[in-house]
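The chain contents come next:
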Amino acid sequence: MLFRKAIVTDIPQLITFRKILLSSEDNSSMDETFSNYFETSLSDKSLVVWVADDDGVVVSTVCFCICRFAPRFDNPTGLVAYMTNVYTIPNYRRQGIVSKLVSEAKEELATLGVRKILLHSSDMAKPMYEKFGFVEGKNYMSINI
Ligand SMILES: CC(C)(COP(=O)(O)OP(=O)(O)OC[C@H]1O[C@@H](n2cnc3c(N)ncnc32)[C@H](O)[C@@H]1OP(=O)(O)O)[C@@H](O)C(=O)NCCC(=O)NCCS
């Protein structure tokens, strides 16, 4: 298994995983939008993506959207990564693949000056994130606008 940064030719598989995670019916109405997003954000480095590649087939991915918030005393760069598109193909689960991808990505994010990773978890994935050291936030509020 090769653990590597995503490249442009991985985009179709990133889109496939995204649609599965969004529980989308198999339609292609958003494919161009997804494709433009991945192409642009990989190129301007606002998105960090690691993939697991089994002999040329991408079987797992983790993505991090890099956001710059106002600097804080505990995060002077203000850089925060929002973790998303975390997916492993069923036959490859429970083999430590996401664990390895997250650990590689964390090293890279740290070198970029990111000091915090945020995420929304599915119920299924919560024990995994807890194992990685993520803790549930208490003061989080949101509104759809
Ligand atoms: C959640 C998911 C990404 C895990 O990927 P994976 O490659 O199997 O993860 P790993 O093998 O690296 O698991 C690392 C650790 O997380 C925990 N873990 C992973 N899947 C788990 C599950 N289904 N239930 C409980 N703990 C789990 C375990 O502690 C595991 O270590 P262990 O197998 O040594 O006990 C994968 O099951 C998946 O794609 N699920 C559907 C999509 C999803 O829920 N994505 C997350 C959206 S927030």
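Residues numbered from 1 in each chain as written. Predicted model: local features only at pLDDT ≥ 70, side-chain atom pairs only at ≥ 80, totals over all residues.

- Where an unreviewed UniProt entry is consulted, the protein chain appears under the name GNAT family N-acetyltransferase, with the organism given as Paenibacillus hexagrammi.

**Comments concerning the environment of Phe-64**
Thinking step 1. Secondary-structure assignment places Phe-64 in strand S3 (residues 57-68).
Thinking step 2. Among the residues examined, Phe-64 registers 27 C-beta atoms within 10 Å and is labelled buried.
Thinking step 3. Along the backbone, Phe-64 and Leu-42 are 22 residues apart, and their C-alpha atoms lie at a distance of 10 Å. (Helix = DSSP H or I, 4+ residues; strand = E, 2+ residues; numbered from the N terminus. Buried ≥ 20, exposed ≤ 12 C-beta atoms within 10 Å, placed from the backbone.)

**Let's talk about the UniProt feature "domain: N-acetyltransferase" (unreviewed entry) in the protein chain**
Thinking step 1. UniProt tags residues 1-145 as "domain: N-acetyltransferase" (unreviewed entry).
Thinking step 2. Secondary structure across residues 1-145 divides into 32% helix and 26% strand, with the first and last C-alpha atoms of the span separated by 42 Å. (UniProt positions renumbered as here; feature names shortened; annotations may be inferred.)

**Here's the deal with the site of the ligand**
Thinking step 1. Around the ligand, the structure places 19 residues, and the nearest of them are Thr-88, Arg-93, Val-98, Ser-99 and Met-128.
Thinking step 2. Broken down by secondary-structure element, the contributors of at least two residues to the shell around the ligand are strand S4 (79-88), helix H3 (97-112) and helix H4 (126-132).
Thinking step 3. Partitioning the shell around the ligand into residue classes produces nine nonpolar, seven polar and three charged. (Near = placed C-beta within 6 Å. Nonpolar A, V, L, I, M, F, W, Y, C, P; charged D, E, K, R; others polar.)

**Side note on helix H2 (residues 31-43)**
Thinking step 1. For H2, which comprises 13 residues, the first-to-last C-alpha distance of 18 Å matches the rise-based estimate of 18 Å (1.5 Å per residue) to within 8%.
Thinking step 2. Just past H2, the residue Lys-45 takes up positive phi, approximately 65°. (Expected span 1.5 Å × (residues − 1).)

**Looking at the sheet that holds S4**
Thinking step 1. Spatially, S1-S2-S3-S4-S5 is the arrangement adopted by the five strands of the open sheet, whose pairing is mixed. For this open sheet the edge positions go to strand S1 (2-5) and strand S5 (116-119), each flanked by a neighbour on one side alone. Averaged over neighbouring strand pairs, the angle between their axes works out to 25° when direction is ignored.
Thinking step 2. Across four bridges, the pairing between S4 and S5 is parallel. Directly across from Met-83, in S5, lies its bridge partner Leu-119.
Thinking step 3. Each of strand S2 (47-54), S3 and S4 is contacted by helix H1 (residues 11-21), which is oriented at about 85° to S4, the strand it contacts most. (Pairing = 2+ DSSP bridges. Axes fitted to C-alpha atoms, helices over the stretch in contact; angles between N-to-C directions. Contact = placed C-beta atoms within 7 Å.)

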